[in-house]
Structure formats: structure tokens, C-alpha cells
Amino acid sequence: MGNPTISPDRALPSFEEAEGLGPQDSPFVRDLVAVLEKHGNLDRFGLCLLHDHFPVADDEVLVETHDVAARTLSIQVEKAATTDHTRPSQWRFVKTGGTGGEPEGQACQVILQCTPVSGCPGSTGTAS
């Protein structure tokens, strides 16, 4: 299942090509739940299916807003440097280093963000 190495330069599959969780993933999910529980994060983090619907440039970020009254959720692309949406809500894992003598490490790349003012989860304000 999946790709063991994901780098920021690696394109994600389209939604139609992305493989969702299945019975073969039970050992992975069991291990992940155990790690989340061990660190007190079982009710804080979950899984999402990484996929693309359209390209997002390196200087762009997906931003999430919702309208509580209409019960709608919207995601759009904004320039990362100028967005007012500053609270990350989804990340993907990426490997770093491992070339030119650098030690290999892991990092999280923000793939979706919002702000409490715009109606993100935990917001006390109204949605925009």
C-alpha cells in the first residue's frame, strides 16, 4: 500500500488513482493508533487520503473556510505569503536530507490551513 518515500517534489496521485484504506491496512492502522494513544493524540490527529485534484504551486497553499449556518466547507488556493489563513490543519510527511552527507530526517509539510476567524474548527467567530 502507498509509497514509502514521499518528497515535497513528488506529485500526489489524482483522487481517482489514490488507494483508500482497506483490510490489508489493518496492521498499519493498529500500529498508528497505538502510537497516537501512547502520545495522547488519539483524539487530536487522524488520517486523510493524500491526493490532488489540480496542481498547487510551491508558493501557494490550500485554505479552508466554512459557513456554519449553511453547513458548507470550501477550500481554495491562495498565495502562501499573503494569506490571512495561518492555522495549519492538514500536513503530509516528507523526508529531508539524506544527500550530500546530510542525515536523513522527517518533516511535516502543511497542505491545508485556515484561521479561527474564518470558521475553522474551534472558531468562536463567524465564517467568511
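Source: prediction; values computed, not measured.

A count of helices and strands for the protein chain gives one helix and four strands. What you see in the protein chain, going N to C, is helices and strands ordered as α-β-β-β-β. Across the 128 residues in the protein chain, those meeting the buried criterion constitute 20%. Taking all contacts inside the protein chain whose residues are at least 6 apart in sequence as the whole, residues at least 24 apart take part in 48%. Accessible surface, the protein chain: about 9,300 Å² in total, of which carbon and sulfur atoms supply 54%.

Attention shifts here to the confidence of the model for the protein chain. Overall, the predicted model of the protein chain reaches an average pLDDT of 80, with 74% of residues at or above 70. When the elements of the protein chain are averaged for pLDDT, strand 4 (residues 105-114) gives the smallest value, 79, and helix 1 (residues 26-38) the largest, 96. Here residues 1-7 is a poorly scored stretch, pLDDT under 50, and it has 13 contacts once near neighbours within four places are set aside; other chains count.

Following the criterion strictly, the structure yields one aromatic pair and no others. Summarising the aromatic geometry, the rings of Phe45 and Trp91 are spaced 5.9 Å apart at their centres and angled 75° between planes, so their arrangement reads as edge-to-face. Taken together, the residues Phe45 in the loop between helix 1 and strand 1 (60-67) and Trp91 in strand 3 (residues 87-96) connect sequence positions 46 residues apart.

All right, on to the pairing of strand 1 then. Looking down a regular strand, the side chains alternate between one sheet face and the other. The pairing of strand 1 with strand 2 (residues 72-79) spans eight bridges and is classified as antiparallel. The residue of strand 2 that forms the bridge with Val61 is Glu78. Here strand 1 folds back onto strand 2, and the loop between the two strands holds four residues, one of which, Arg71, carries a positive phi near 55°.

It is worth spelling out a nonpolar patch on the surface at this point. The grouping of Leu21, Phe28 and Leu47 at the surface amounts to a nonpolar patch, some 300 Å² of accessible area in total. Relative to the helices and strands, Leu47 is located in the loop between helix 1 and strand 1. Using a relative accessible area of 49% as the deciding quantity, one classes Leu47 as partly exposed.

So, how was this worked out
Residues numbered from 1 in each chain as written. Predicted model: local features only at pLDDT ≥ 70, side-chain atom pairs only at ≥ 80, totals over all residues. Heavy atoms only, no water. Helix = DSSP H or I, 4+ residues; strand = E, 2+ residues; numbered from the N terminus. Buried < 20%, exposed > 50% of the residue type's maximum accessible area, 1.4 Å probe, protein only. Contact = heavy atoms within 4.5 Å. Areas by Shrake-Rupley, 256 points an atom, 1.4 Å probe, with all protein chains shown as cover. pLDDT = per-residue confidence, 0-100. Phe/Tyr/Trp six-rings, centres within 6.5 Å; stacked < 30°, edge-to-face > 60°. Pairing = 2+ DSSP bridges. Patch = residues over 30% accessible without salt bridge, like charges linked within 9 Å, V, L, I, M, F, W, Y side chains within 5 Å. Salt bridge = Lys/Arg side-chain N within 4 Å of Asp/Glu carboxyl O.

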